[in-house]
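Residues per chain are reported as follows:
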Amino acid sequence: MSATMLSAFIARPIVELKQRDKSKIESILTYSDRLLIGLNTGSLRIYRVNEPSLSSEDGINGSAEDGEEAPKSMTKPVDLLREEEKFSRRPIQQLAIIKEANMLVSLSDGCVSIHNLQTFTLQERLERTKGAAAFAVTSNIVKDASTGIPSIVSRLAVAVKRRIILWSWQDMELDENVPELSMIASVKSLSWATATKIVVGLDPGFVMVDIVSKEVTDIVKPGVPGEATPQLGVRFGAVNSAGMGYMGMGGWVPKPMAARLAEGEMLLAKDVNTLFINTDGKALDKRQVPWALAPEAIGYSYPYMLALQPPSRGILEVRNPDTLSLLQTVALPNATFLHVPQPNISLAHAGKGFLVGSDRVIWRMGALEYESQIDLLRDQGRYDEAISLLGMLEETLLKDKEGRLREIKMLKAQGLFDQRRYRDSLDLFSEAHAPPSRVIALYPKSIAGDLSIVQEAEDEPETEEAKDGEGDTSKEAPTTPNIAAQSSIGRSMFGRLKADAKKADADTASIKPSRTGTGGSDGGRPSVEITAPEKPKAFDGRDLKIAINELCAFLAQTRVQLQKYISYDGTLKQPLPERTSENPEGKPSWHNYIALPSDSDLKDFDWRKHLFEVATLVDTSLFRAYMLARPSLAGSLFRLDNFCDPDVVNAKLYESGRYGDLIDFLHGKKLHREALEVLAKFGKGQADEDATTAEDLKGPQRTVGYLQQLPPELIDLILEFAKWPLEENPDMGMQVFLADTENAETLPRHKVLDFLNGIDSTLGVKYLEHIIYELNDYTPEFHQKLLDAYLERLKADPEKAGFKDDDEKLEWRLRLERLLKSSGQYSRARALKQLPINDPTFFESRAIVLSQMGNHRQALQIYVFQIRDHAKAEEYCNMVYLSSSSFPSETTLHHSTLTPKLVPPSLRDQGEDGEPGIYHTLLSLYLTPPGGQEVQWPPALDLLSKHGARLPASSTLDIIPPTLPVKELENYFRGRIRSANTAMNEDRIRARLEGVVKGDVEEKLLLGVRGRKVVVGEERLCGVCGKRFGGAAVRVYPDGGVTHYGCVRGGRGSGAAGVGKVGAGVRGW
């Protein structure tokens, strides 16, 4: 056997006939710890098989090359218990047992006999089997169709020329019915497919026989692809003697053979031709076994397919039934038959100790442990075989089957990657849920960073941005290093990363397809085999592009899966599982994404931290791949939430001149200081980069827009970076605090105000006006500060105040008066003290403050005697009068209307007998001025003419001098008369309207609601007389009852008695 082949079995001779023993072995049978050998002399030898006890460390799980002897055992392999010399008169050709019936079945001298399994005495010779060529037995558990009770059913099928005779035992009782089935030719072999179906081998081919329905079905071989005239319906193995004759061999025809494989699958063989079928006799889509010579015998020892070559070669072939690859050849001189125990109990344990025999020696085939077999295939680089073997083995036979399968798939994927089969490799990595770090490490440092295990040329540059484009990933990448002339990449990163021929030790190895077998006889499909461990070589241009495109797809898929388990802030979306008996280490479902060291202690393992590191590695590598192969797609990654390493992205975007994208990324990662530093650098023109590249970043506009997006929690950072925009462009810089956004409105206002006042007091005034008038902030402190700021500048020296002209100063005075009128949150007493008494600039301001304090007479004195504006004085009275009539709130914010303090009832005009009002106060100032002021007749008479109705007659006439002509008071009296008439007329109209409403209410109470209707149908009867209404007059009652009008005097019945379904008419009031 080649050193690269598997050592699945070790041949150990257990019986060797001595030289003086002239008998030959014809048949063997093993069950439990017994071994039965049928000799050509008709004798039956019974042995007890002993378990080996080895004297050395190498045991049955060790390995041995072909021709090497297995380690010597300290105990004899078998002990001869007895020999039945008169068991038969002829050679014993075949042996089998029916254990449930305690029977031993033998074929000798062309006849089948039944013996006692314990004493080996002859019980019955089945004379009907005279001329038998073969037999087959099976035992199965069958449920009764009617009762559902299970029972053990054993069957014996005997091939007698063209007949098949069937015996059956149910629960150890023989069925008296012995059916016979006739075939079209002599039966050569019998093999049970199921409990009721048997594969029959004939010279003309194979057939499937259902012993219950007696149906015989030909097993047909499928058509050969590309065959010009496919032969449909041709029975597999169909051949006649003439067609198979060989010179000197007469009419020799190869024996048809069949063997059960895995559950539901069988192998048929005739000469070198094979066919895989299911238990229904249908051909499976599998190719032929590549045998060079026709086997002597075939069998199945879980999970391998066995074929014994002719005695001249003396070789046992062990193949994978899935891939048909030759895994092992064992030299067994002159071996002619093999015996595999019947798989009646469990397929997992069937045939682990099968026997191979020649006419003089019997070998027991010891199986290597499955874990060792898989490890050996893995070490040999035969990943396909290891994967196939793992797929066939049951989980109970392996330790961590899933983990082994995953590891081997990753090794195979790594080998495919070294073969430049990137798509197949990455697909297999995805299928195996490989840790992303293991995949990324296969790429150069321009993508994997320090994680890379790729050896690159030292004299070549490492990174350079590639042109945007997509490679053709559907084709296998070429392995020729020099393809620069064919590539459209040009002088990019791809064009300069050439392949390096240097080799070094690494964690991975290159692979190459190779055929296994000896002498080139194996025609199995190529398997993957390691050639030598070496460090991955550098990529050439086109190879790198194709590999990166496939990596992008792999990483994009991986990041989608990771987002199911971890949030962008590093918190897990699901709690970690508790440690249980099934999961003693407490591994989460996503543990495969983390490359765990083999000796790692998971007791205090920080799963969240390591998963976050994996997510960061995935997104950072994906960003690098995009920037290298598809720069246009990079923005879609870093503009959204991501796990990218900020340092890597920052350096790469800055290097490539994508400053706008850099700002977006830093904002998404909440690295606001770094983003603002970059914006300030470019905004102030301090960057050394090409001015045309960052033209849109110049000036404070981008900084202001960025600051507007920051939440109030970052107020210190906002104020720090808002200073230079305010100094460079105050109007634009103030938009950080004045913008109509939630962030601007919720900023800490005291901090903002102190910050703005530290730069320029006018900016603080602008901010205070915004929060008071736009945001309706009623904080007294802000109102007082705004008032103080107005007064401070208006009272300052002209040079210090800094007004450009009188218009600007007038604007500030109007803004002060607006605040005094609209706000009630400042201290009025403090404001009055701050306002100069003799400065004409503040006369009206003082009047407004006095008005807010309720001192209307003093306010009117300022309008009349200091400002001397009678129109404003009259307007003031109008405002006071209207506000006192409507009872407004004490303070309202209004931009253009003076809203004084609520006037007490003593100042309201109450008519003839009422108290003097605000107009009386103004009239008294005109006619009886204080402090030696002159009487002002024109405005007084104008006031009497316009507002006479609001001036009480008694108090008004008292202050009018007797010398004033009555004619001058004509308009006053006319107004008073009209006012009185108006009041009287209003009282009359109100009384009439109230009378109408009263009458309407009374009518509703007496008569009810108008518009009620009652339907009188043909079937409705009078509640009194019981007759139909017809066209007579009716009387309707409030409860809905209806009677004849003439029946009112006679009494009234129930209105409900005459309700009908068909309406003849509708009558109402």
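Residues numbered from 1 in each chain as written. Predicted model: local features only at pLDDT ≥ 70, side-chain atom pairs only at ≥ 80, totals over all residues. Heavy atoms only, no water.

Under the annotation held in an unreviewed UniProt entry, the protein chain carries the name CNH domain-containing protein and is attributed to Tothia fuscella. UniProt annotates the protein chain under Sequence similarities (unreviewed entry) with the comment "Belongs to the VAM6/VPS39 family." Quoted verbatim from the Subcellular location (unreviewed entry) field of UniProt, the annotation for the protein chain is "Endomembrane system". (UniProt positions renumbered as here; feature names shortened; annotations may be inferred.)

Bringing the overall build of the protein chain into the picture now. Helix and strand counts for the protein chain come out as 31 helices and 34 strands. Out of the 1069 residues belonging to the protein chain, those deemed buried represent 47%. By sequence separation, contacts in the protein chain at least 24 residues apart represent 57% of the contacts at least 6 residues apart. Summed over its atoms, the accessible surface of the protein chain is roughly 54,100 Å², and 49% of this surface lies on carbon and sulfur atoms. (Helix = DSSP H or I, 4+ residues; strand = E, 2+ residues; numbered from the N terminus. Buried < 20%, exposed > 50% of the residue type's maximum accessible area, 1.4 Å probe, protein only. Contact = heavy atoms within 4.5 Å. Areas by Shrake-Rupley, 256 points an atom, 1.4 Å probe, with all protein chains shown as cover.)

Attention shifts here to the packing of helix 9 (residues 607-629) against helix 10 (residues 631-638). Where helix 9 contacts helix 10, the two axes come as close as 6 Å, and the packing angle between them is 150°. On the basis of their axis angle, the class for helix 9 and helix 10 is roughly antiparallel. Between helix 9, through Asp 619, Leu 622, Phe 623, Tyr 626, Met 627 and Ala 629, and helix 10, the contact on the second element is made entirely by Pro 631, Leu 633, Ala 634, Leu 637 and Phe 638. Across the contact of helix 9 with helix 10, the residue classes tally to ten nonpolar, no polar and one charged. (Axes fitted to C-alpha atoms, helices over the stretch in contact; angles between N-to-C directions. Parallel < 35°, antiparallel > 145°, perpendicular 65-115°, else oblique. Nonpolar A, V, L, I, M, F, W, Y, C, P; charged D, E, K, R; others polar.)

A few words now on a nonpolar patch on the surface. A cluster of nonpolar side chains, namely Leu 957, Val 966, Phe 973 and Ile 977, defines an oily patch on the protein surface of about 360 Å² accessible area. By secondary structure assignment, the location of Phe 973 is in helix 31 (residues 970-1007). (Patch = residues over 30% accessible without salt bridge, like charges linked within 9 Å, V, L, I, M, F, W, Y side chains within 5 Å. Salt bridge = Lys/Arg side-chain N within 4 Å of Asp/Glu carboxyl O.)

What follows is about the pattern of salt bridges. Opposite charge on two side chains permits pairing when their charged atoms draw close. All told, the structure shown has 42 salt bridges when counted by the stated rule. Residue Lys 587 pairs with Glu 585 through a salt bridge whose shortest N-O separation is 3.4 Å. With a relative accessible area of 36%, Glu 585 lands in the partly exposed category. Within the structure, one salt-bridge network assembled from shared partners comprises Asp 375, Arg 378, Asp 379 and Arg 404.

Moving on to the sheet that holds strand 3 (residues 34-39). What the four strands build is an open sheet, ordered 2-3-4-5; its pairing is antiparallel. Both edges of this open sheet fall to strand 2 (25-31) and strand 5 (78-84), since each of them pairs with a single strand only. Recorded for the sheet is a direction-independent mean angle of 20° between the axes of neighbouring strands. Bridge count for strand 3 against strand 4 (residues 44-49) is five bridges, and the pairing is antiparallel. Following the sheet pairing, Gly 38 is matched in strand 4 by Leu 44. (Pairing = 2+ DSSP bridges.)

Let us now look at the nonpolar core. Phe 623, Phe 737, Leu 756 and Tyr 767 are the most contacted members of the largest nonpolar core, which has 144 residues in total. When residues of this core are assigned to their parent elements, the largest contribution, twelve residues, is made by helix 9. When near neighbours in sequence (up to four residues on either side) are disregarded, Phe 623 contacts Ala 634, Leu 637, Phe 638, Cys 644, Val 648, Val 649, Lys 652 and Leu 653. (Core = buried A, V, L, I, M, F, W, Y, C linked by side-chain atoms within 4.5 Å.)

To continue, consider the pairing of strand 8 (residues 111-116). Note on strand geometry: in a regular strand, side chains alternate between the two faces of the sheet. For strand 8, the tally of buried residues reaches six of six residues, placing the bulk of the element in the interior. Residues Cys 111, Ser 113 and His 115 point to one face of strand 8 and Val 112, Ile 114 and Asn 116 to the other, with burial holding for every one of them. The hairpin turn running from strand 7 (residues 103-108) into strand 8, its antiparallel successor, is two residues long, and Asp 109 in that turn takes a positive phi close to 55°. Connecting strand 8 to the antiparallel partner strand 9 (residues 122-126) that follows it, the hairpin turn spans five residues, and Phe 120 within it adopts a positive phi of roughly 60°.

Below, the discussion takes up helix 25 (residues 843-853). Side chains of residues three or four places apart in an α-helix project in the same direction, reflecting 3.6 residues per turn. Helix 25 sits mainly inside the fold: ten of its eleven residues count as buried. All buried positions along helix 25 are accounted for by Phe 843, Glu 844, Ser 845, Arg 846, Ala 847, Ile 848, Val 849, Leu 850, Ser 851 and Gln 852. Residue Gly 854 follows helix 25 closely and has a positive phi angle near 90°.

As for its position among the elements, Asn 278 is in strand 21 (residues 273-278). Here Asp 280 takes part through its backbone nitrogen, which lies 3.0 Å from a polar atom of the side chain of Asn 278. Filtering out sequence-adjacent residues up to four positions away, Asn 278 remains in contact with Met 208, Gly 264 and Leu 284. (Polar contact = N/O pair within 3.5 Å; in protein donor to acceptor, adjacent residues only side chain to side chain.)

This paragraph deals with unusual backbone geometry. Looking along the chain, the bond that leaves Tyr 302 and enters Pro 303 is cis, with omega of 0°. Relative to the helices and strands, Pro 303 is located in the loop between strand 22 (297-301) and strand 23 (304-308). One non-glycine residue, Asp 109, lies in the positive phi region at around 55°. Structurally, Asp 109 can be placed in the loop between strand 7 and strand 8. Judged by its relative accessible area of 32%, Asp 109 falls in the partly exposed class.

Under the defined criterion, the tally for this structure stands at 20 aromatic pairs. Residues Tyr 654 and Phe 682 carry aromatic rings whose centres are separated by 6.3 Å and whose planes lie at 50° to one another, so their mutual orientation is tilted. Within this pair, whereas Tyr 654 is found in helix 11 (residues 646-656), its partner Phe 682 is found in helix 13 (residues 672-683), the two being separated by 28 residues in sequence. Between Tyr 659 and Phe 682, the aromatic rings sit 4.6 Å apart at their centres with planes inclined by 45°, giving tilted as the arrangement. In this pair, Tyr 659 is assigned in helix 12 (residues 659-668) and Phe 682 in helix 13, connecting sequence segments 23 residues apart. (Phe/Tyr/Trp six-rings, centres within 6.5 Å; stacked < 30°, edge-to-face > 60°.)

Further remarks concern the sheet that holds strand 17 (residues 205-210). Reading across from one edge, 15-16-17-18 is the order of the four strands in this open sheet, with antiparallel pairing throughout. Strands at the two margins of the open sheet, each flanked by one partner only, are strand 15 (187-192) and strand 18 (215-218). Taken over all neighbouring pairs, the strand axes of this sheet differ in orientation by 25° on average, direction set aside. When strand 16 (residues 197-202) meets strand 17, the two strands line up antiparallel, connected through six bridges. Bridged to Ile 198 within strand 17 is Val 209.

When you line up the elements, Leu 562 lands in helix 8 (residues 541-562). You can call Leu 562 buried: its relative accessible area is 2%. Placed 49 residues apart in sequence, Leu 562 and Leu 611 show a C-alpha to C-alpha distance of 8.3 Å. Filtering out sequence-adjacent residues up to four positions away, Leu 562 remains in contact with Tyr 593, Leu 611, Val 614, Ala 615 and Val 618.

Counting buried positions along helix 28 (residues 918-927) yields ten of ten residues, so the element is predominantly enclosed. Of all the residues in helix 28, the buried ones are Ile 918, Tyr 919, His 920, Thr 921, Leu 922, Leu 923, Ser 924, Leu 925, Tyr 926 and Leu 927.

Further remarks concern the confidence of the model for the protein chain. In this model, the protein chain carries a mean pLDDT of 80, and residues with pLDDT of at least 70 account for 80%. Low pLDDT, under 50, characterises residues 345-351; the predicted model gives this stretch 16 contacts beyond four residues in sequence or across chains. Predicted confidence for residues 459-533 stays below pLDDT 50, and this span has 193 contacts to residues more than four positions away or in other chains. (pLDDT = per-residue confidence, 0-100.)

On to the pairing of strand 9, then. Pairing between strand 8 and strand 9: four bridges, direction antiparallel. Bridge pairing links Val 112 to Leu 126 in strand 9.

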